[in-house]
Amino acid sequence: MSTTLWRNRDFTLLWSGQVVSSLGAQISATATPLLVLTTTGSPADAGLVGAAGALPHLLGNLPAGALVDRWDRWRILLISEIVAGLTLLTVPLAIWSGRLTTAQLCLVVFVQGLCFVFFGLAERAALPRVVTAPGVPTAIAHNEARSRGSSLAGPPLGGMLFGVDRALPFLVDGVSYLIAAVSLLFLRRDLQDRPAAPAEPVWRAALTGLRWTWRHPFVRAALGLLAVSNLVFQALVLVLVVLAQRDGARPGEIGLMLGIYSAGGLAGALAAARLHRLFTPRTVIIGMNWVWAALLPLFTVAPGPVGLGVVGALCAFVGPMWNVVIFSYATLVVPNDLLGRVMSAGATLTWGVMPVASLGAGLLLTVLSPVTVIGGLAAVMLGAAIAATLSPAIRSAPALPAAPAVPRTSTFGHG
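All values derive from a computational prediction rather than experimental measurement. (Residues numbered from 1 in each chain as written. Predicted model: local features only at pLDDT ≥ 70, side-chain atom pairs only at ≥ 80, totals over all residues. Heavy atoms only, no water.)

## With respect to the nonpolar core
Buried together is how nonpolar side chains tend to be arranged in soluble globular proteins.
Consideration 1: With 110 residues, the main nonpolar core has Phe218, Phe233, Leu236 and Phe299 as its most contacted residues.
Consideration 2: Among the elements that make up this core, the one with the highest residue count is helix α11 (residues 217-246) (17 residues). (Core = buried A, V, L, I, M, F, W, Y, C linked by side-chain atoms within 4.5 Å. Buried < 20%, exposed > 50% of the residue type's maximum accessible area, 1.4 Å probe, protein only. Helix = DSSP H or I, 4+ residues; strand = E, 2+ residues; numbered from the N terminus.)

In structure tokens, the structure reads:
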């Protein structure tokens, strides 16, 4: 973390609390498909649970964005952590009592996903109130590093803890959410601008975010391409787990595979903090899609879990640059009182494909080999790379805007 951000008490509190909670979430995310596959032996059931966890991104983002701009963001952050933690703690209780069902897991991951939606939107919308505008891209890059670092450490821990006791990963995750909630109690609580006009109905407020997104060709095209890549990589995770398990990999080896995969994302996030200034949005978006199109076929020939993890690490390395470019653009251009709604509109488009990806991957794996499914995903990614290259909106993408001046009245401003 840069020295300036390290001295920002509120950013440090928010960032540090989320290190704990993100690590716990990655631990349970690794253990969940292993638990389903071990209990039922069905990739379709694993896909169903994965779809339930991703469904809030499709159903909840638009209303959540409107509410994040209306409700107290600090309370949203706190309640999201507490509800997610208490919900996760029901899983070890059900395992120990012998009453765990696929239906309960679907409900638990749905609630966890809904809390993630509210927390993520509230955190991103509050960021300009925690750091000054010039520090926003660096803060977003540090948040990316936090997420990628958790993705690096979480899967090996999840696999190891699952090998010790199937309930242990979920117990750790539940406690991690509650620890993060405690850190929020020390955060200063004025995290939003006060709207001058009366609040709109929720449905109309949600449409405001969609309209803003639709009227900006570059944002619209970038989000469409991001939706395709999210669909591909959401499906790919389940495919790789099933592929490794069918080849005889143990839970610890699968966790190691996913950890290596995530190490590339962490390295990419650390690089993005410095490199985002050197590349135009056009170069980032077109280049990343071609890199992914070239790398995906390598999964079909990678040797064992470690080889799969290495190819995944190469894919994950370039992802954070995209997030830094897009989120920095939105955070600096969108008025803060609209930011939650615009972010939610974008998230609905880009994350809403994930339940379809999880469910589709689970169903395809019941009739096709994992290698065949990977080939299909590679073909989809190739189509996205061609579309990015031909898109007029992407080829004429504007430069990342200069940070606007921050009003002196801002409650936070030590970025």
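## Considering the confidence of the model for the protein chain
If pLDDT is low for a region, its predicted coordinates should not be looked at in detail.
Consideration 1: The pLDDT averaged across the protein chain works out to 82; a share of 87% of its residues lies at or above 70.
Consideration 2: Across residues 403-415, confidence stays below pLDDT 50; counting only partners more than four residues off in sequence or on other chains, it has 27 contacts. (pLDDT = per-residue confidence, 0-100. Contact = heavy atoms within 4.5 Å.)

## What to know about the side chain of glutamine 104
Consideration 1: Topologically, glutamine 104 is positioned in helix α7 (residues 102-130).
Consideration 2: A polar atom in the side chain of glutamine 104 sits 3.3 Å from the backbone oxygen of threonine 90.
Consideration 3: The residues touching glutamine 104, leaving out its near neighbours within four places in the chain, are Thr90, Val91, Ala94 and Arg99. (Polar contact = N/O pair within 3.5 Å; in protein donor to acceptor, adjacent residues only side chain to side chain.)

## Some details on α7
Consideration 1: Relative to the 42 Å expected for 29 residues at 1.5 Å per residue, α7 spans 40 Å between its end C-alpha atoms, a close match to the ideal helical length.
Consideration 2: Taken as a whole, α7 carries its principal kink of about 25° at arginine 124; the proline proline 128 stands between one and four residues after it. (Expected span 1.5 Å × (residues − 1). Bend = angle between axes of the 7 residues up to and from the residue.)

## Quick look at helix α9 (residues 168-184)
Consideration 1: Look at α9: 25 Å from first C-alpha to last across 17 residues, which is about the 24 Å you get at 1.5 Å a residue.
Consideration 2: Among the residues making up α9, those that are buried are Pro169, Phe170, Asp173, Gly174, Ser176, Tyr177, Ala180, Ala181, Ser183 and Leu184.

## Concerning the packing of helix α5 (residues 73-88) against helix α6 (residues 90-97)
Consideration 1: Axis separation between α5 and α6 bottoms out at 4 Å; the angle between their running directions is 5°. By the angle between their directions, the pair α5 and α6 is classed as roughly parallel. Contacts between α5 and α6 involve Leu86, Thr87 and Leu88 from the first element and Thr90, Val91 and Pro92 from the second.
Consideration 2: Split by residue class, the contact of α5 with α6 holds four nonpolar, two polar and no charged. (Axes fitted to C-alpha atoms, helices over the stretch in contact; angles between N-to-C directions. Parallel < 35°, antiparallel > 145°, perpendicular 65-115°, else oblique. Nonpolar A, V, L, I, M, F, W, Y, C, P; charged D, E, K, R; others polar.)

## Details of the environment of leucine 266
Consideration 1: Mapped onto the secondary structure, leucine 266 falls in helix α12 (residues 251-275).
Consideration 2: As a C-alpha pair, leucine 266 and glycine 149 span 117 residues in sequence and 5.3 Å in three-dimensional space.
Consideration 3: Residues contacting leucine 266, with those up to four places away along its chain left out, are Ala145, Arg148, Gly149 and Leu152.

## A look at the packing of α5 against α9
Consideration 1: Following both chains from N to C, one finds α5 and α9 inclined at 160°, their axes separated by 7 Å at the closest point. By the criterion of interaxial angle, the relationship of α5 to α9 is roughly antiparallel. Two packed elements cross with a definite hand, and for α5 against α9 that hand is left-handed. Only Phe170, Asp173, Gly174, Tyr177, Leu178, Ala180, Ala181 and Leu184 of α9 make contact with α5, whose side of the interface consists of Trp74, Leu77, Leu78, Glu81, Ile82, Ala84, Gly85 and Leu88. (Left-handed = near helix turned anticlockwise from the far one by under 90°.)

## What about a nonpolar patch on the surface?
Consideration 1: A contiguous nonpolar surface patch, about 260 Å² in accessible area, is contributed by Val19, Val20, Val175 and Ile179.
Consideration 2: Among the elements of the structure, α2 (9-40) and α9 are those that each provide at least two residues to the nonpolar patch.
Consideration 3: Mapped onto the secondary structure, valine 19 falls in helix α2.
Consideration 4: Classification of valine 19 as partly exposed rests on a relative accessible area of 30%. (Patch = residues over 30% accessible without salt bridge, like charges linked within 9 Å, V, L, I, M, F, W, Y side chains within 5 Å. Areas by Shrake-Rupley, 256 points an atom, 1.4 Å probe, with all protein chains shown as cover. Salt bridge = Lys/Arg side-chain N within 4 Å of Asp/Glu carboxyl O.)

## Comments concerning the environment of leucine 390
Consideration 1: Mapped onto the elements, leucine 390 comes out in helix α17 (residues 370-390).
Consideration 2: For leucine 390, a relative accessible area of 58% puts it in the exposed group.
Consideration 3: Along the sequence, leucine 390 and isoleucine 286 sit 104 residues apart, while their C-alpha atoms lie 9.4 Å from each other.

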